[in-house]
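Architecture at a glance
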Amino acid sequence: MSTAGHSETTAPPGLDITPFRGLRYDPDRVGSLAAVTSPPYDVVVRPDGVHHLQSADPHNIVRLILPQAATPDERNDRAARTLRHWRAEGILRTDPDPGLYVYEQGDGDGLVQRGIIGTLRLPDPADGVVLPHEDVMPHVVADRAALMRATHANLEPLLLTYRGDDGPADATGALVERTAAGPPLLATTTEDGHHHRLWSLTDPAEVAAVRSDLARRQALIADGHHRWATYRRLRAEHSSPGPWDYGLVLLVDTARYPLRVRAIHRLLPGLPLPDALAALHGLFRVRRVDADLTDALEALAKATQDGNAFLLAGDGTFHLIDRPDPDLLARTVPADRPAAWRALDATVLHTTLLDHVWHVPADSPDRIAYIHDTAATVEKAERDGGTAVLLHPVHEEVVRDLARQGVTMPRKSTSFGPKPASGLVLRLLES
C-alpha cells in the first residue's frame, strides 16, 4: 500500500518523511531505463521535446506526465488508462516492501548529487517546515491537480533542499554515503550524459534513523512549486488521515551537495523585438551587443553587478537593457516588500517591464512562455518573431533568506538543478 509506514501519531516539528512502496519500471519489459525516463514535466513542455521522448520508447514516462489529446479531460483520461495498462502488463511493478530510496545523479563534469526519496507529510504553511520561494500560476496547479486526480499517483518527485550537519550528528548524510557504496537497485545513463542510480532502504532501524534526523530539519522548495501547491489542494479535497496527506519528494542536503541555480527565461511570442525596444525609450538604457550568445550572457552577468539588467533577443541581435529609471521603479515596484525582493531582476521584470511597459500578463500562456534552455529561448523568438528576455541567475542564499522571511519571488524566478529524472520511481495513492 502507498501509505505503508505512515504514522498517525503527532507529526514532528520538522520534516516527517515516511517510506512507501515505489512503483518502478521492470527493466526486462522496456527497451532501456534511460529510454523511459524524462526531465520533469515543466522542462519538456515544448511539443518538440514531448515528441522526441514519445518516440524514444513507447513506454516513456512523458506519456503519463504530459499525455497528448485534444482536450484536458481526454489527456488525463489517457494518462490514467495508460498507467492502468502498464501496471496490468507488468511494465510498472510495485516494490514488495515499503522503503525510502537513495537517489544519485551526476554529469560528465564530475558533479554528483545524492538525496533521499520518500513521502512527506504535508505540513501547515504556518509551521514554516517547508518554505516555498516562488509564486505559482493557478492554471498550472489546476492542470497538475486534474492529472493527479485521474491517475491517483505522484508521477514525479519534487525537489526539496535542507542543510545537514557536519560530523557524526548527520545520520542521514552518513547513511546516504554508506548506501551509495553498495550495489544499486538500478543504474542508467540518459542521453544527456547524466548517470542515475537508485537504492532502496527497507531496514526499519535505518529508516527510523533517517526519520529522526530529518524531523529536526527545515526544507526549501528548490523545484516543484506547482506540484507542491497541487499536493496541498488535493489534500484539502480528501478526508484525513489518508494517502493525500503525503507527497512524493526528493530531499537533498545542500551542505554536502550544493545545487546549481540557473535562470528561467521568458519568451514573449506576440511582442516583436523592435516594439519591445521602442517601448523602453527613456525608461532603460539600451545597448546593442555585437557578440555571440556566450559573450552576450557574459555582458549580462557583468551588468547585473551594478543593478537590474536583461538581455533581449529575437531578430538575430542581442540588446542589453539596464539602468532603469529610478522614478519608474518607484512607481511600479511595490514598496511593502524587503529591499532584497524589490531589487530582484525577476521582480523588476514582472512588476515593471511586463505589467507597465509591455502590458504582458505573466499568467497568460498565449502571451508568455517560461523556458529553461537559453539557446532554445533565443531560437524560438527568432523563428516566431517574438522577444526573448534572458535573465542572470540569482544566488541560492538570496532565495533562502527571502523564503525564511515568508516572501515569495515572482513565478519561475529560479531553476535549481540537477533536477531528478522522472520515471525512476513513482508513488500510487491508494487508501
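Here, every reference points to the structure presented above.
Keep in mind the model is a prediction, meaning the values are calculated, not measured. (Residues numbered from 1 in each chain as written. Predicted model: local features only at pLDDT ≥ 70, side-chain atom pairs only at ≥ 80, totals over all residues. Heavy atoms only, no water.)

1. Things to note about helix H8 (residues 225–237)
- With 13 residues, H8 ought to run about 18 Å at 1.5 Å a step, and its terminal C-alpha atoms sit 19 Å apart, in line with that.
- Where H8 is concerned, the buried positions are His-225, His-226, Arg-227, Trp-228, Thr-230, Tyr-231 and Leu-234. (Helix = DSSP H or I, 4+ residues; strand = E, 2+ residues; numbered from the N terminus. Expected span 1.5 Å × (residues − 1). Buried < 20%, exposed > 50% of the residue type's maximum accessible area, 1.4 Å probe, protein only.)

2. Some words on the sheet that holds strand S14 (residues 265–268)
- Ordered in space as S15-S17-S16-S19-S14-S18, the six strands form an open sheet in which the pairing is antiparallel. What marks the edges here is a single partner per strand, and that holds for strand S15 (285–289) and strand S18 (369–371). With strand direction ignored, the average angle separating the axes of adjacent strands in the sheet is 25°.
- On the sheet, helix H13 (residues 345–357) packs against S14, strand S16 (309–313), strand S17 (318–322), S18 and strand S19 (387–390) and is oriented at approximately 60° with respect to S16.
- Its contacts with the sheet put helix H14 (residues 374–384) on S14, S16, S17, S18 and S19, and the angle it makes with S19 is roughly 160°. (Pairing = 2+ DSSP bridges. Axes fitted to C-alpha atoms, helices over the stretch in contact; angles between N-to-C directions. Contact = heavy atoms within 4.5 Å.)

3. What to know about the pattern of salt bridges
- Within this structure, the stated rule accounts for 21 salt bridges.
- With a closest N to O distance of 3.1 Å, Asp-143 and Arg-144 form a salt bridge.
- On the accessibility criterion, Asp-143 (29% relative accessible area) is partly exposed.
- The network of salt bridges with shared partners includes Glu-104, Arg-114, Glu-177 and Arg-197. (Salt bridge = Lys/Arg side-chain N within 4 Å of Asp/Glu carboxyl O.)

4. A word on empty space enclosed by the protein
- The full count for this structure, using the stated rule, is four cavities of 30 Å³ or more.
- Of the pockets and cavities examined, the largest cavity occupies roughly 130 Å³.
- In this structure, the largest cavity is lined by 14 residues; those nearest its centre are Asp-42, Asp-223, Gly-224, His-225 and Lys-412.
- Those elements that place two or more of their residues in the lining of the largest cavity are strand S11 (219–223) and H8.
- Counting residues per element, the lining of the largest cavity draws most heavily on H8, which supplies three residues.
- Within the lining of the largest cavity, the residues separate by chemical class into three nonpolar, five polar and six charged.
- Estimated volume of the second largest cavity: approximately 90 Å³.
- Forming the walls of the second largest cavity are Arg-144, Leu-147, Met-148, Ala-153, Asn-154, Leu-155, Glu-156, Arg-227 and Tyr-231.
- Elements with a contribution of two residues or more to the lining of the second largest cavity: helix H5 (138–151), strand S7 (153–154) and H8. (1 Å grid on protein atoms, 1.4 Å probe; cavity = no way out; pocket = protein on both sides within 12 Å on 5 of 7 lines; lining within 4 Å. Points joined across faces, edges and corners; volume = space filled by probe spheres on them. Nonpolar A, V, L, I, M, F, W, Y, C, P; charged D, E, K, R; others polar.)

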